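Report on the structure
What follows is the residue order along each chain.
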Amino acid sequence: MSKLGIFDLSVRYGKVPAINDLSLQVEEGERVFISGPNGAGKSSLLNAISGAVPTSHGRIELDGDMLTGRAPEAIARLGLSMVPEGREIFGSLTVEENLRVGTGLRRDAEAVDSDMEDVFEAFPILRERRSAAAGALSGGQQQMLAIGRALMTNPKLMMVDEPSLGLAPKIVDQVYETLCQLQEERSLTLIIVEQSSLRAARVGGRMILMRGGSVVGEGNAADMVDRDALAQAYFGNPKCKEVNS
Ligand SMILES: Nc1ncnc2c1ncn2[C@@H]1O[C@H](COP(=O)(O)OP(=O)(O)OP(=O)(O)O)[C@@H](O)[C@H]1O
Ligand SMILES: [Mg+2]
């Protein structure tokens, strides 16, 4: 059984189709990149898996348990968490308060504290700045905070939507180093939306290429980076032939 199974999934916003009959399996411990142009449906796919947007057709299973129709909190309790596109940090709350968001319903205060300790161990800078307003952190630190918050529910499968967004390449390197280290230490399964196929190839893993709400290509990220399919998916068929060919 796959860690995550997606079968004939469709998502619509009113009349706007975002995902069309998409099927995908992710195995335990895998690192999967989802790439594709703006509007391809990458975030919609992640949001449907996490329960943030309703599905209009198909089903999603985690360890064989049906996720479709469950509330996001219930899905998080099954061991799935997400770092959303744009991070969604509360700038006026402190770092610590941001980490506690979403743990309010848990009665096991000790377990929450111990999860927070784990996050601080993974990200010492967050411990240092635990009382600072999250809005005062740098972009890279805010991304660490968003990842730290997702770790607070002790996920087995973590989805990260565009961790590189708006960050300098050196900081992106650090974010990926951290994600890879966390994956190893916590035996995480990772699904990462990443626009840069070169970045995905460097980090390594399976790449799923989406366009128009469907999967249009799939393979080892390093093998796919030079493939014509990638250029085609991004730019479509060239309108003009090269003059000198
Ligand atoms: N809340 C919404 N209401 C209506 N349409 C939406 C909504 N969110 C997304 N869409 C539409 O659904 C389609 C898929 O969007 P989605 O955000 O999933 O793509 P994406 O691949 O994540 O794009 P990006 O690279 O820009 O983040 C697009 O046509 C988009 O305009
Ligand atoms: Mg998106």
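My aim in this report is to walk through the structure given alongside it, one point at a time. (Residues numbered from 1 in each chain as written. Chains lettered and ligands numbered in written order. Predicted model: local features only at pLDDT ≥ 70, side-chain atom pairs only at ≥ 80, totals over all residues. Heavy atoms only, no water.)

As for the packing of aromatic side chains
- On inspection of all chains with the given rule, the structure shows 1 aromatic pair.
- Arranged with centres 6.2 Å apart and planes meeting at 50°, the rings of F33 and Y176 form a pair that is tilted. In this pair, F33 sits in strand β3 (residues 31–35) while Y176 sits in helix α7 (residues 169–186), placing the two residues 143 residues apart along the sequence. In this structure, F33 and Y176 share a single accessibility class: buried.
- The positively charged end of R59 is found above the aromatic ring belonging to F7, 4.1 Å away from the centroid. (Phe/Tyr/Trp six-rings, centres within 6.5 Å; stacked < 30°, edge-to-face > 60°. Helix = DSSP H or I, 4+ residues; strand = E, 2+ residues; numbered from the N terminus. Buried < 20%, exposed > 50% of the residue type's maximum accessible area, 1.4 Å probe, protein only. Lys NZ or Arg CZ within 6 Å of the ring centre and 35° of its normal.)

Concerning the nonpolar core
- Counting residues in each nonpolar core, the largest one holds 37 residues, and the members touching the most others are I147, M158 and L179.
- If one sorts the elements of this core by residue count, helix α6 (residues 139–151) sits on top with 6 residues.
- Dropping the residues within four chain positions of it, L179 is found in contact with I147, M158, V160, P163, L190 and I192.
- By size, the runner-up hydrophobic cluster in this structure holds 29 residues, among which are V11, A18, L80 and M210. (Core = buried A, V, L, I, M, F, W, Y, C linked by side-chain atoms within 4.5 Å. Contact = heavy atoms within 4.5 Å.)

Some details on the coordination of the magnesium ion (ligand 2)
- Those protein atoms acting as donors to the magnesium ion (ligand 2) are S43 (OG) and E85 (OE), and they sit at 2.0 Å. Remark: E85 occurs in the loop between β6 (80–83) and α3 (95–100) and S43 occurs in helix α1 (residues 42–50); sequence separation between them is 42 residues.
- Residue classification places E85 among the partly exposed positions, given a relative accessible area of 37%. (Donors = N, O, S within 2.8 Å, 3.2 Å for Na, K, Ca; no water.)

What to know about α6
- Counted at 1.5 Å a residue, the expected span for α6 with its 13 residues is 18 Å, and the 19 Å between its end C-alpha atoms agrees.
- Across the 13 residues that make up α6, a large majority, 12, are buried.
- Taken residue by residue, α6 has G140, Q141, Q142, Q143, M144, L145, A146, I147, G148, R149, A150 and L151 as its buried positions. (Expected span 1.5 Å × (residues − 1).)

Comments concerning the sheet that holds strand β7 (residues 157–161)
- The sheet built from 6 strands is open, its strands ordered β6-β7-β8-β3-β9-β10 with mixed pairing. On the outer flanks of this sheet lie β6 and β10 (214–220), each paired with one strand and no other. Neighbouring strand axes in the sheet, compared pairwise and without regard to direction, differ in orientation by 20° on average.
- Lying on the sheet, α1 is in contact with β3, β6, β7, β8 (189–193) and β9 (206–211); it crosses β7 at an angle near 150°. (Pairing = 2+ DSSP bridges. Axes fitted to C-alpha atoms, helices over the stretch in contact; angles between N-to-C directions.)

Describing the site of ligand 1
- Neighbouring ligand 1 are 13 residues, the closest being G39, K42, S43, S44 and E85.
- K42 places a polar side-chain atom, nitrogen or oxygen, 2.7 Å from an oxygen atom of ligand 1.
- At 3.1 Å from an oxygen atom of ligand 1 is found a side-chain nitrogen or oxygen belonging to Q195.
- The fraction of the free accessible surface of ligand 1 (640 Å²) that becomes covered by protein chains is 62%.
- Considering each element in turn, the shell around ligand 1 owes the most residues, 3 residues, to α1. (Near = heavy atom within 4 Å. Polar contact = N/O pair within 3.5 Å; in protein donor to acceptor, adjacent residues only side chain to side chain. Areas by Shrake-Rupley, 256 points an atom, 1.4 Å probe, with all protein chains shown as cover.)

Focus on unusual backbone geometry
- Positive phi, close to 70°, is recorded for R87, a residue that is not glycine.
- Within the secondary structure, R87 sits in the loop between β6 and α3.
- Located in the positive-phi region is N154, a residue other than glycine, with phi close to 55°.
- Its location among the elements puts N154 in the loop between α6 and β7.

What about the packing of α6 against α7?
- Where α6 meets α7, the axes come as close as 10 Å, and the angle between the chain directions of the two elements is 20°. Here α7 runs roughly parallel to α6, going by the angle between their axes. Crossing angle aside, the handedness with which α6 passes α7 is right-handed. Taking contact as the criterion, the partners of G140, Q143, M144, I147 and L151 in α6 are, on α7, I171, Q174, V175, T178, L179, L182 and R186.
- Taken together, the residues of the contact of α6 with α7 break down into 7 nonpolar, 4 polar and 1 charged. (Parallel < 35°, antiparallel > 145°, perpendicular 65-115°, else oblique. Left-handed = near helix turned anticlockwise from the far one by under 90°. Nonpolar A, V, L, I, M, F, W, Y, C, P; charged D, E, K, R; others polar.)

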